[in-house]
Amino acid sequence: MEFTEVVRRRRMVRRFGPDPVDPAAVDRMLDHAVRAPSAGFTQGWAFLVLTSAEERERFWSATTPEDSERDMSAWLAGMRTAPVLIVALASKAAYVGRYAEPDKGWTDRDEARWPVPYWHVDVGMASLLILQTAVDEGLGACFFGIGAGQVEAFGEAFGVPAEWAPTGVVAVGHPEPGGPQGSPARRRRRPMDDVVHRGSW
């Protein structure tokens, strides 16, 4: 598939069909993910791949809040049909440590030197490569986050070391035709003239 077509076809898919995902396709998604850029070539990312029914059920049990201000039942019913979940995690310690090395020189390891948390930025870019690769493989995918109140339970459920924080999760599978539509069905895409500023704001 042409790259332009991959970009244009990428959508967040929220309900999946019953067919399994080829493990080789998952491997290609991960192979592409680690080609993402990273500050200082730190590569402070990790990916937890959940494919068995037991693993996925453990994930949803740990990350689904007991109550929510919004009714998430329809969203959960669709997302729980995903046969593959890839949790993308970031290590702040890896970045702070990398930039304390001689070629970077921030030996004080002061987190205030970071205007934005690039550990999550880089993992977000890696996650986009997973999303795009899914399209190229003829699959659907959706990126979503783990609620702040459920991060600890998620880590305990899967033995995630404290150094690693989830940036988000990519659900992957074969898209179900006519599945639920997200915000793009209710909101228009912003015109380029509203978002692109050339030379000055």
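As shown above, the structure is provided for reference.
These lines cover the structure that appears in this document, whether it is placed above or below. Predicted model, so just to flag it, every value in this text is computed and none were measured. (Residues numbered from 1 in each chain as written. Predicted model: local features only at pLDDT ≥ 70, side-chain atom pairs only at ≥ 80, totals over all residues. Heavy atoms only, no water.)

Here we take up the packing of aromatic side chains. Tallied over the full model, the rule gives 14 aromatic pairs. With 6.2 Å between their ring centres and 80 degrees between their planes, Trp 60 and Trp 75 make a pair best called edge-to-face. Here Trp 75 lies in helix α4 (residues 73–79) and Trp 60 lies in helix α3 (residues 53–63), a separation of 15 residues in the sequence. For Trp 60, a relative accessible area of 3% translates into the label buried. According to the relative accessible area criterion, Trp 75 is partly exposed, its value standing at 26%. (Phe/Tyr/Trp six-rings, centres within 6.5 Å; stacked < 30°, edge-to-face > 60°. Helix = DSSP H or I, 4+ residues; strand = E, 2+ residues; numbered from the N terminus. Buried < 20%, exposed > 50% of the residue type's maximum accessible area, 1.4 Å probe, protein only.)

What follows concerns the nonpolar core. One finds Val 21, Met 29, Ile 86, Leu 139, Val 170 and Val 172 to be the most contacted residues of the largest nonpolar core, which totals 27 residues. For this core, the secondary structure elements donating two or more residues are α2 (23–33), β2 (84–91), α5 (92–98), α6 (118–136) and β4 (164–173). Examining the composition of this core, we find that 6 residues originate from one element, α6, more than from any other. The residues contacting Val 172, other than those within four sequence positions of it, are Phe 16, Val 21, Met 29, Ala 82, Pro 83, Val 84, Ile 86, Leu 139, Gly 140 and Ala 141. Val 13, Phe 59, Trp 60 and Ala 171 belong to the second-largest nonpolar core, a separate cluster that totals 18 residues. (Core = buried A, V, L, I, M, F, W, Y, C linked by side-chain atoms within 4.5 Å. Contact = heavy atoms within 4.5 Å.)

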